[in-house]
Amino acid sequence: MTKAEAARQKKEARLQSEIERVEKMRAFERDIVQRAGGSGLICGIDEAGRGPLAGPVAAAAVILPEDLVLPYLNDSKKVTEKRREMLYDQIREKAAAWSVIMVPPGRIDEINILQATYEAMRQAVASLSVRPDVLVNDAVTIPGIDILQVPVIKGDAKCISVAAASILAKVTRDKYMKEMDTLYPAYGFAGHKGYGTKAHCEAIVENGPCPIHRRSFLGKILAQKGGPGAAGGKTEGNPDDFFEQGSCSGRETGMMAEEKAVRFLTDHGVTILERNFRDRDGEIDVIGDQDGTLVFFEVKYRGSGRWGDPSEAVTPEKQKTICRTALYYLYKTGRGTEIPVRFDVICVTERQIRWIRNAFPFR
């Protein structure tokens with residue numbers, strides 16, 4: 001056998017392996033929809049851009065034909081940029097229906113990133129040329145939609161339609177951020193796509209925010225420019241440790257806030273399963289059960305409005321740590337990863353408790 005023949009056979013074997021992998025994703029998607037009592041047209045839903053400091057959040061809805069073969073389709077984060085763009089063109093050309101909606105930074109600041117994400121998802125579904133019978137979502141349940149929804153944790157890596165939606169959402173948003181780089185070259189949007197890299201944060205401190213920055217995401221960064229902790233300013237402590245509770249320490253007040261949150265959750269029908277669950281990576285404040293859904297709660301307290309909303313402290317890095325600890329909890333307790341799971345944030349202030357459901361996805 002010549003080298004050329006060997007290379008051809010290897011390429012064909014790799015392609016066949018990819019086709020089989022993608023067909024397993026299709027079979028998994030069908031099975032999980034059937035087990036949920038669904039049938040008919042399946043629409044995958046996913047988003048891109050919940051965590052960045054700048055730019056819109058994008059949501060895509062995709063209905064794929066039953067017989068469509070799309071080798072190399074996968075979670076957009078597991079695919080190279082070149083492959084993503086190739087798949088982007090194939091999906092748009094061959095999908096039975098597709099839609100991508102972007103919600104701008106101003107709207108994100110107005111209603112918060114979670115509600116903006118839901119808004120983009122609802123509009124993406126409403127913009128489809130045909131009405132789907134079932135929505136398969138990446139880990140969330142979208143409020144305000146009268147279609148059967150099947151949330152799947154890490155659905156973009158398990159379900160063919162969700163993977164297709166993840167590709168459309170990410171490539172669409174990335175293209176937009178590259179365009180914005182030509183308008184605002186000082187920030188490097190083409191490289192980091194608006195995420196909080198060191199270079200991006202330094203550019204914000206040096207130049208201030210531009211029109212596509214999410215002001216509600218920039219509290220700590222802008223504080224370096226002229227607020228507490230800036231050169232010549234008075235440092236009043238980390239916002240996570242700052243409490244206006246007389247002589248109470250940050251730790252004591254944090255425990256008081258947690259007790260308050262637990263009472264609040266219990267009053268609202270949550271069964272508390274665990275508190276302060278730890279592994280070597282981090283800690284989850286409260287773990288509870290609400291109507292059969294396992295919920296991991298992060299409790300955040302702010303005693304002063306000067307530090308912004310408590311939810312701002314649940315950064316993308318913090319979210320990843322919580323998700324890793326949650327995964328450890330699932331395996332330790334033998335629950336697996338197929339049970340319904342949600343990540344919520346409880347915001348405790350001097351005047352109120354606010355419950356943010358589905359605050360972030362399983363990362």
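Residues numbered from 1 in each chain as written. Predicted model: local features only at pLDDT ≥ 70, side-chain atom pairs only at ≥ 80, totals over all residues. Heavy atoms only, no water.

As a further point, take unusual backbone geometry. For residues other than glycine, phi is negative in most cases, and the peptide bonds are mostly trans. A positive phi angle, close to 80°, is found at Ala139, a residue other than glycine. For Ala139, the location among the structural elements is in the loop between β4 (134-138) and β5 (148-152). Its relative accessible area of 11% is what places Ala139 among the buried residues. A positive phi angle is found at Asn276, which is not glycine, with a value near 55°. We classify Asn276 as partly exposed; its relative accessible area is 25%. (Helix = DSSP H or I, 4+ residues; strand = E, 2+ residues; numbered from the N terminus. Buried < 20%, exposed > 50% of the residue type's maximum accessible area, 1.4 Å probe, protein only.)

Strand-to-strand pairing in sheets goes through backbone hydrogen bonds, with the strands running parallel or antiparallel. Here we have five strands laid out as an open sheet, ordered β6-β7-β8-β9-β10, and mixed in their pairing. Edge positions in the open sheet fall to β6 (271-278) and β10 (353-356), since each of these has one partner strand only. Sheet twist, expressed as the average angle between the axes of neighbouring strands with direction ignored, equals 25°. As paired strands, strand β9 (residues 341-348) and β10 are joined by four bridges and run antiparallel to one another. Across the sheet, the residue bridging to Val348 is Ile353, located in β10. Contacting β6, β7 (283-290), β8 (293-301) and β9, helix α11 (residues 316-332) runs over the sheet at an angle of about 140° to β8. (Pairing = 2+ DSSP bridges. Axes fitted to C-alpha atoms, helices over the stretch in contact; angles between N-to-C directions. Contact = heavy atoms within 4.5 Å.)

Our next topic: the nonpolar core. Residues Ile45, Phe296, Val341, Phe343 and Phe360 are the most contacted members of the largest nonpolar core, which totals 44 residues. Here the element with the most residues in this core is helix α4 (residues 113-126); it accounts for eight residues. Apart from residues lying up to four places away in sequence, Ile45 is in contact with Ala60, Ala61, Met121, Val125, Leu135, Val136, Asn137, Asp138, Ile142, Val162 and Ala165. Counting residues in hydrophobic clusters, the runner-up holds 24 residues, among them Val22, Val62, Leu68 and Tyr88. (Core = buried A, V, L, I, M, F, W, Y, C linked by side-chain atoms within 4.5 Å.)

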